[in-house]
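Fold and contact review
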Amino acid sequence: MQQLDWKNLPFGYIKTDYNVRCVYKDGKWGNIEVSDSEYISVHMAATGLHYGQEAFEGMKAYRGKDGKIRLFRWDENAKRLIRSAEGVLMAQVPMELFHEAVLKVIKLNEKFVPPFGTGASLYIRPLLFGSGAEVGVRPAKEYTLIIFVTPVGPYFKEGFNPVKIAIIRDSDRAAPLGTGTFKVGGNYAASLRGVMKSHGAGFSSPMYLDTKEKKYIDEIGAANFFAIKGNSYITPKSDSILASITNMSITKLAEDLGMNVERRPVAVDELESFDEAGACGTAAIISPIGEITDLETGKVYRFCKDGKPGPKSTKLYETLVGIQYGEIEDKHNWVTIVE
Ligand code: PLP
Ligand code: COI
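Turning next to the overall build of the protein chain. In terms of regular secondary structure, the protein chain is built from 6 helices and 18 strands. Taken over C-alpha atoms, the radius of gyration comes to 20 Å for the protein chain, in line with the 20 Å a tight globule of 339 residues would show. Seen along its three principal axes, the alpha-carbon backbone of the protein chain occupies a region of about 55 × 50 × 35 Å. Out of the 339 residues belonging to the protein chain, those deemed buried represent 53%. Expressed as a percentage of contacts within the protein chain between residues at least 6 apart in sequence, the contacts between residues at least 24 apart total 71%. Averaging the locations of the 42 positively and 42 negatively charged side chains of the protein chain gives two centres separated by 1 Å.

Here is the structure:
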């Protein structure tokens, strides 16, 4: 195994030893196969390639001080993959199959779970796609599930330091009654122009607004948005954003801390009134936002005025990460020990 610089891992692909695969054919799922190849052989007319009939997931496993590997809320990712499969009419991966395949791929690649104290983790990427051939626009009859893992560091190079975000108004990641609530590849293809525009202008990520009126905040690239105002945790309610499992978790932690939770449409104009703002997701963890710039109007909203993350975001971050690495009691039973 190559020597990995665990403390400085990017959020990127690093080859591990094995991945697992499973095919749905003739109306049923086959056995879980283990592969050491990074490549797949796919029919050139597969619906996943032509018509975007695919969905993916992202979750992480963490190594604790005790050396144990902890998998965070796999059941929520399994449920979301079922919802995404429903969204683009794919065969659903049963919870038990998902569970078995995820545990298997982690155990096979145990040595790639970063050591405790490095801030890194093992990212687990399940992918489900139509592998059956069709030329007409219709669902495939065959589906393939592949799960690979890769050790990662934080998504934003800033880590738990303020990031700069750009409000994008000239492209959308999802339509109002489209696929925004599903974790399907098409949403990410649609987001690429916004992502590259924001990077080109020196920002970490785009912020997308609601597509109907461009009045409310939807989400931030590959993360949900949250804000803190006084003792309230505020996060957008929208029909076109992905229901983040990280957001669901920190909402619970905010309640545990005695904060009020507001899940409602959040107008862009409100940004001015927030004490703290952040992006949250499996890859992004909790990333405090320092500045949000509206690329069209030039207006800048500033948070973290002293250059440091705010106290409530910090508390939420420390609690979440503490639970994930086994340092803080897992009161809500979010963690599965991989044995
Ligand atoms: N929103 C989008 C568009 C995402 O891709 C992700 C990443 O999965 C999230 C939000 C955060 O979701 P989660 O916390 O479940 O990773
Ligand atoms: C995740 O947080 O798991 C994501 O899916 C982000 C990814 C699109 C880079």
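Looking now at the pairing of strand β12 (residues 224-229). Along a regular strand, successive side chains alternate from one face of the sheet to the other. Within β12, 5 of the 6 residues are buried, which leaves the element mostly enclosed by the surrounding structure. Here β12 runs beside strand β15 (residues 276-281); their pairing, made up of 5 bridges, is antiparallel. Bridging across to β15, N224 finds its partner in C280. Across 3 bridges, the pairing between β12 and strand β13 (residues 232-236) is antiparallel. Within β13, the position partnered with I228 by the bridge is Y233. The hairpin turn running from β12 into β13, its antiparallel successor, is 2 residues long, and G230 in that turn takes a positive phi close to 60 degrees.

One finds W29, L71, I106, I124 and L128 to be the most contacted residues of the largest nonpolar core, which totals 42 residues. Sorting the residues of this core by element identifies β1 (19-25), β5 (59-63), β6 (69-72), α2 (74-87), α3 (95-108), β7 (121-130) and β8 (143-152) as the ones contributing at least two each. Looking at which element gives the most residues to this core, the answer is α3, with 7 residues. Judged by nonpolar contacts, the second largest core, of 24 residues, contains I217, I220, F274 and I289.

The next point concerns the pattern of salt bridges. The full count for this structure, using the stated rule, is 16 salt bridges. Here E270 makes a salt bridge to R264, at a shortest N to O gap of 2.9 Å. For the salt bridge of K299 with E272, the shortest nitrogen-to-oxygen distance reads 2.9 Å. One end of the pair, K299, is in the loop between β16 (285-294) and β17 (300-302); the other, E272, is in the loop between β14 (260-264) and β15, with 27 residues separating them in the sequence.

With respect to the helices, strands and loops of the structure, L271 is situated in the loop between β14 and β15. As a C-alpha pair, L271 and V149 span 122 residues in sequence and 37 Å in three-dimensional space. Aside from chain neighbours lying at most four places away, what touches L271 is I167, I217, F225, I292, Y301 and F303.

Turning our attention to the site of ligand 1. Surrounding ligand 1, one finds 16 residues, the nearest of these being Y188, E219, S244, T246 and T282. At a separation of 2.6 Å, an oxygen atom of ligand 1 approaches a polar side-chain atom of S244. In this structure, an oxygen atom belonging to ligand 1 sits 2.6 Å away from a side-chain N or O atom of T282. Elements with a contribution of two residues or more to the shell around ligand 1: α5 (245-256) and β15. Of the residues assigned to the shell around ligand 1, the class counts are 6 nonpolar, 6 polar and 4 charged.

Within the structure, ligand 2 sits among F11, F56, G58, Y123, R125, Y155, K183, Y188, A222, T282 and A283. Residue A283 places a main-chain N or O atom 2.8 Å away from an oxygen atom belonging to ligand 2. In isolation ligand 2 has 280 Å² of accessible area, and contact with the protein removes 89% of it. The residue makeup of the shell around ligand 2, split by class, is 7 nonpolar, 2 polar and 2 charged. Of the residues that make up the shell around ligand 2, three or more belong to each of domain 1 (6-152) and domain 2 (163-324).

So, on to the packing of aromatic side chains. Given two aromatic rings, one states the distance between the centres and the angle between the planes to describe the pair. Using the criterion set out here, one finds 12 aromatic pairs in the structure. A ring pair is formed by F226 and Y233, whose centres lie 5.3 Å apart and whose planes are at 15 degrees; its orientation type is stacked. Classification of F226 as buried rests on a relative accessible area of 0%. Given the relative accessible area of 0%, Y233 is considered buried. One aromatic cluster is present, built from ring pairs that chain together F11, Y123 and Y155.

So, how was this worked out
Residues numbered from 1 in each chain as written. Chains lettered and ligands numbered in written order. Predicted model: local features only at pLDDT ≥ 70, side-chain atom pairs only at ≥ 80, totals over all residues. Heavy atoms only, no water. Helix = DSSP H or I, 4+ residues; strand = E, 2+ residues; numbered from the N terminus. Rg over C-alpha atoms; globule rule 2.2 N^0.38 Å. Buried < 20%, exposed > 50% of the residue type's maximum accessible area, 1.4 Å probe, protein only. Contact = heavy atoms within 4.5 Å. Lys, Arg positive; Asp, Glu negative; His and termini not counted. Charge placed at Lys NZ, Arg CZ, Asp CG, Glu CD. Pairing = 2+ DSSP bridges. Core = buried A, V, L, I, M, F, W, Y, C linked by side-chain atoms within 4.5 Å. Salt bridge = Lys/Arg side-chain N within 4 Å of Asp/Glu carboxyl O. Near = heavy atom within 4 Å. Polar contact = N/O pair within 3.5 Å; in protein donor to acceptor, adjacent residues only side chain to side chain. Nonpolar A, V, L, I, M, F, W, Y, C, P; charged D, E, K, R; others polar. Areas by Shrake-Rupley, 256 points an atom, 1.4 Å probe, with all protein chains shown as cover. Domains from an automatic or database assignment. Phe/Tyr/Trp six-rings, centres within 6.5 Å; stacked < 30°, edge-to-face > 60°.

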